[in-house]
Each structure stands twice: as structure tokens, then as C-alpha cells.
Amino acid sequence: MERTKFILDEKAMPTKWYNVLPDLPEPLPPVYHPVTLKPVTPDDMKPIFPMAVIMQEFSPERYIEIPEEVQAVYRTWRPTVLHRAHRLEKALDTPAKIFFKYEGTSQAGSHKPNTAVAQAYYNKQEGIKRLTTETGAGQWGSALAMGCAFFGIECKVYMVKVSYNQKPYRRILMETWGAKCVASPSEDTKIGRAILADNPNSPGSLGIAISEAIEDAATHDDTHYSIGSVLNHVLLHQTIIGEETRKQMEMADAYPDIIVGCVGGGSNFAGQFLPWIRDKLSGKKPNMRIICVEPQACPSLTKGPYTYDYGDTAGMAPILKMYTLGHTFVPPPVHAGGLRYHGMAPIICHLYRLGLVEARAEHQKAVFEAGVQFARTEGIITGPEPCHDLRVAIDEAIKCREAGEAKTILIAHSGHGHFDLAAYDEYLSGRMKDYAYPAEKVKEALKHLPKVPSA
Ligand SMILES: *Cc1c(COP(=O)(O)O)cnc(C)c1O
């Protein structure tokens, strides 16, 4: 029997993150300030981020050393395992070789601690005592709560009220790790109080939660804000995933023809594929395919225009050049909460624009069908987000069967679905429905794009 697990020794864990910025064939477009509409400078970011992170956002260095203290925390769950999905291959009767790199074994159950731990560390180094953030279903909030626990800093999470009431389990994780989690809108900020005065029953939104978290950070000297995806430094911290996978694929004596992953803000998938795209950019592997998968209900890459938009729903974050559905767009309530973001990481958008990565949009029933097939063959209950990767990987493996091609497919598996069992229940009982692309709502939202000088 061929091997199924490729396990990297702790001592062989990569000690550097890979920064793609110096390798891009063209530089990224500038980022604009949401109020002044001028290009953002490092100084603009100082009230909410630590200097080390701001420098990473613009860094010209190809490799950035992972601090010893961050490596030590990474080692509590890293290196993560690269698996060969022999049983899935057999079920599909495909000559394709399917590998998946599984990030679900972190304490929080996803890739998100890779950046949460790094951000908590850099803030601690600069004397910050407290971090704030927003969370929807709670994946990011729980990862940051864990990161803050490791470095002894306080964490305050503004959780969208509907999720706070409907999905208590991740809140309980956050509280167990020592974070304060409040339902947003809350009485703790000026903007929260104003919204509650107006509508005491406001269900909250990600935009409101972000506004509260940023107001809290901006009005407390000892407090910074922390973000879980989209920005360059977050993608950088996630490259530990791909750097490990490169070593593991070498152990497997394999090289990916196709890499597939889900994209919400883009951080987990970029963390896997950026270390590989080097070979495509250098011309060593020009035919390698990199496929970004998004929900049909929120298809920013496949349906959005490439234009300037606010990074957040509230219009407080920097203005980024992205494929976007408009920052005021509220996607239908698909279960893949992590993929319901209106835009996409500028690095991924830029690579997509240059034709270096592909994109595909999938409906949720087909996505869960793949998740169930994976559970019944490989045993893992996959989060609704990475079920999107499974759909595309399975379809590509079936194409290999039909064409008689033994391609190597690498799946960027971002996390487990143990807190998403209600979604599986809905699928298994036949109650799950698909949402068509909400073209009218997108058209409306695109009327509210900011006007920047060069756009
Ligand atoms: C948050 C999340 C995502 C989406 O965010 P990205 O920044 O695109 O990675 C995907 N998968 C899981 C498991 C998540 O928690």
C-alpha cells in the first residue's frame, strides 16, 4: 500500500513566510484612504495595527522570518498533515492522485490561527494590551481569542447579534479562551448605542460589528484592531501552509497539476498556492492550474467588476482594488459563512486579472454532496467552506477518469465542520436549497462604490 499520510517533523517546520509581492510581474494597484481618498501610508494604519504588521503589508522582502515565539506556538499544532485521499480516488475510480493538506487540526479547527497567533504576538511586542475584532459565525473570533490567550493579551469580539443568538458554540470557545464576546450592536460603543436607540431589535451585521471593533480600538490607547483575511499581511502569515506542503509533496514524490481551494477573503487558499505560484511566475511550471472556488450566492471573482471598493461593509476600511459585488451587498444566507464576503484579497484579484489563477462558482447543494462523499470515504466532516474545494476536486478527478489522465490534484482543506452539523442535517434531510446569483441586489450595491481619483 502506498503511503496515505505525509508527516513533517516539528524540526522541519518552515521558519519563514513567503511574500509574493517582490515576485509579482506587475506591482499591486495603490490602496486609498476611506476619508481623504489619498493613497494610504503606513502612518495612516498606525492607530489600529502594530508597525511590524504594517511593514509586512508593503514589504519588498521575499522571505520573512517567523519569530521564535510564533514558531513555538505554531508547533502546538503544526506541521499539519498532508493526506493522500486513496479511498476517495477509489470511490471515484479515477487515475488522478488526490492530496489534501488539512488545517482542521488547529485548536480552533481552521487555518485562521496561523495569522491570529502572529498578530497577537506582534501587538504584544509593541506593548498593546488588548485586541478587538468582529466575527460573524465565530470562526475568526475564536481563532483570535486563542491567539490572545497564548500571548496574555485581552481580546474583545463583537459578534453579529443573530449569530450570537443562533450559534452559541463558537462564543463559548471564545469565552473559554478568555475573550469577551458581546452581541453587536452593543451598549459598549457610541455607534452601537446609536443603532440600539434607533432600533433595539437590530439583528446586527458584519458592517456594524466592524464599526464597533474599530471605534473601540481607535478610542483606547492600549488597544488595536485585528483582521482575519483579505490584507497582504494575513495572506503572508498563511503561507506556512504552502511552505509545509511543498516539503510534504516532495516526500510524496509528487507535484500538483491542479491546486484547488475556497476563497472568502482569500487567505487560506493564498496561503497554500502562493508558495507554488512562484514556479508558475518563474516559468518552471507554466501549466499548473490554480482554481479559486466561491459560492454561486456570492461570486465576487466570477461576476464582480474589477474596481475600487471599501474593504469592509461599513465604509471605514481602506479602499482596495478588487473584484467586488459592492460593499453594501448582503449575500443570501448560504451555510459557508466564511465565503460571504463582498470582495476578495487584492493579491488574488491581481493574479486573476493577470490570468495566473482561475475561478469557479458552485451551488451549495452540490458542495454538500461532495462534503458527504468525502466524509463517507475519508472520514472527515468538512466545513461548508472547504466543501467547495471538494466539489471542484471531485469534478476534476472525474474528468481525469474520462480522459484517462493521471493528474495530481492538491486540495487546500481549510477546516472541519463540527460546528456546522445543522447544515449537514439540512442537506441530508433534503431541506437545503440553492440560491440563484442575486443579480439585481448586486446591481444596486454597485451604485454605491467610492470614487477614487484614478478609478
Ligand atoms: C474563514 C474561513 C474561510 C474563508 O476565509 P479565507 O480568508 O478565504 O480563507 C475558509 N475556510 C474556513 C474553514 C474558514 O474558517
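Preceding this paragraph is the structure being described.
Please read these numbers as outputs of a predicted model, since none were measured by experiment.

J.: How would you sum up unusual backbone geometry? Please name residues and give values.
T.: P79 follows R78 through a cis peptide bond whose omega is -10°. By the element assignment, P79 lies in the loop between helix 3 (68–74) and strand 4 (82–84). Across the junction of S184 and P185, the peptide omega takes the value 5°, indicating a cis bond. Here P185 lies in the loop between strand 8 (180–184) and helix 9 (190–198). Positive phi, close to 60°, is recorded for L37, a residue that is not glycine. One can find L37 in the loop between strand 2 (16–18) and helix 1 (42–45). Of note in the backbone geometry, V230 takes a positive phi value of approximately 70° without being a glycine.

J.: Can you explain the packing of helix 16 (residues 364–378) against helix 18 (residues 421–428)? Please cite residues and give values.
T.: Packing of helix 16 against helix 18 leaves a shortest axis separation of 10 Å and a crossing angle of 105°. By the angle between their axes, helix 16 is roughly perpendicular relative to helix 18. Contacts between helix 16 and helix 18 involve K365, F368, E369, G371, V372 and R376 from the first element and A423, Y424, Y427 and L428 from the second. By residue class, the composition of the contact of helix 16 with helix 18 is six nonpolar, one polar and three charged.

J.: Account for the sheet that holds strand 14 (residues 358–362), with residues named and values stated.
T.: As summarised here, the arrangement of the seven strands in space is 1-4-5-15-10-11-14, forming an open sheet in which the pairing is mixed. The two strands at the open ends of the sheet, each matched to only one other strand, are strand 1 (5–6) and strand 14. As paired elements, strand 10 (residues 258–262) and strand 11 (residues 289–295) share five bridges and run parallel to each other. Paired with C262 across the strands is V293, a residue of strand 11. Along the sheet face, helix 12 (residues 240–251) touches strand 1, strand 4, strand 5 (97–102) and strand 15 (408–413) and points at about 140° away from the line of strand 5. Its contacts with the sheet put helix 13 (residues 267–281) on strand 5, strand 10, strand 11 and strand 15, and the angle it makes with strand 10 is roughly 155°.

J.: Which residues make up the sheet that holds strand 9 (residues 223–225), and what are the values?
T.: Spatial strand order, 8-7-6-9: four strands in an open sheet with parallel pairing. In this open sheet, the two edge strands, each paired with only one partner strand, are strand 8 and strand 9. Across the sheet, the mean angle separating the axes of adjacent strands is 25° when strand polarity is ignored. Alignment of strand 6 (residues 130–135) against strand 7 (residues 154–160), held across six bridges, turns out to be parallel. Among the inter-strand pairings, T133 is bridged to a residue of strand 7, identified as V157. Sitting on the sheet, helix 10 (residues 206–218) is in contact with strand 6, strand 7, strand 8 and strand 9, with an inclination near 170° to strand 6.

J.: Pulling in residues and values, what's your account of helix 16?
T.: Taking 1.5 Å of rise per residue, 15 residues should cover 21 Å, and helix 16 covers 20 Å from first to last C-alpha, within 8% of that figure. Residues of helix 16 that are buried: Q364, V367, F368, A370, G371, V372, F374, T377 and E378. The positive-phi residue at the C-terminal boundary of helix 16 is G379, with phi of around 90°.

J.: Which residues make up the site of the ligand, and what values go with them?
T.: As a structural note, the neighbourhood of the ligand is formed by 16 residues, with K112, S229, G264, S267 and S414 the closest of them. Note that an oxygen atom of the ligand is positioned 3.2 Å from one of the side-chain N or O atoms of H111. A distance of 2.7 Å separates a nitrogen atom of the ligand from a polar side-chain atom of S414. Protein burial of the ligand: of its 380 Å² of free accessible surface, 97% is covered by the chains. Its residues assigned to classes, the shell around the ligand shows two nonpolar, 12 polar and two charged.

J.: Hey, could you go over the pairing of strand 13 (residues 319–323) for me, with residue numbers and the actual values?
T.: For a regular strand, side chains alternate in direction, first toward one face of the sheet and then toward the other. Of all five residues in strand 13, four are buried; the element is thus mostly enclosed. Of the strand pairs in this sheet, strand 12 (residues 306–310) and strand 13 are connected by five bridges, and their pairing is antiparallel. Counterpart to D309 in the pairing with strand 13 is L320.

J.: Run through a nonpolar patch on the surface, naming residues and quoting values.
T.: Taken together, the side chains of Y169, I172 and F419 define a hydrophobic patch exposed on the protein surface, amounting to about 310 Å² of accessible area. Position of I172 among the secondary structure elements: in helix 8 (residues 168–176).

J.: Summarise the side chain of T408; cite the residues concerned and give the values.
T.: On the secondary structure map, T408 appears in strand 15. Not counting residues up to four positions away in its chain, the partners in contact with T408 are K97, F99, M249, A254, Y255, P256, D257 and I258.

J.: Just give me the short version of the nonpolar core, but keep the residues and values in it.
T.: Within the largest apolar cluster, 92 residues are counted, with the highest numbers of intra-cluster contacts made by W17, F273 and L274. In this structure, L274 is in contact with Y18, V20, L235, T239, I347 and L351, ignoring residues within four places of it in sequence. L92, A96, I98 and L390 belong to the second-largest nonpolar core, a separate cluster that totals 22 residues.

J.: I'd like a description of the pattern of salt bridges, backed by residues and values.
T.: Overall, the coordinates contain 23 salt bridges when judged by the stated rule. Ionic pairing is found between R391 and D395, a salt bridge with its closest N-O pair at 2.9 Å. Taken together, the residues R391 and D395, both in helix 17 (residues 387–403) and four residues apart, mark about one turn of the helix. Note on R391: relative accessible area 9%, which makes it buried. Classification of D395 as partly exposed rests on a relative accessible area of 24%. A salt bridge links E396 to K399; the shortest N-O distance between them is 3.0 Å. With a gap of three residues between them, E396 and K399 both fall in helix 17, about one helical turn apart. Ionic contacts of the salt-bridge type, sharing partners, join the residues R289, E358, R360, E396 and K399 into one network.

Criteria and thresholds
- Residues numbered from 1 in each chain as written.
- Predicted model: local features only at pLDDT ≥ 70, side-chain atom pairs only at ≥ 80, totals over all residues.
- Heavy atoms only, no water.
- Helix = DSSP H or I, 4+ residues; strand = E, 2+ residues; numbered from the N terminus.
- Axes fitted to C-alpha atoms, helices over the stretch in contact; angles between N-to-C directions.
- Parallel < 35°, antiparallel > 145°, perpendicular 65-115°, else oblique.
- Contact = heavy atoms within 4.5 Å.
- Nonpolar A, V, L, I, M, F, W, Y, C, P; charged D, E, K, R; others polar.
- Pairing = 2+ DSSP bridges.
- Expected span 1.5 Å × (residues − 1).
- Buried < 20%, exposed > 50% of the residue type's maximum accessible area, 1.4 Å probe, protein only.
- Near = heavy atom within 4 Å.
- Polar contact = N/O pair within 3.5 Å; in protein donor to acceptor, adjacent residues only side chain to side chain.
- Areas by Shrake-Rupley, 256 points an atom, 1.4 Å probe, with all protein chains shown as cover.
- Patch = residues over 30% accessible without salt bridge, like charges linked within 9 Å, V, L, I, M, F, W, Y side chains within 5 Å.
- Salt bridge = Lys/Arg side-chain N within 4 Å of Asp/Glu carboxyl O.
- Core = buried A, V, L, I, M, F, W, Y, C linked by side-chain atoms within 4.5 Å.

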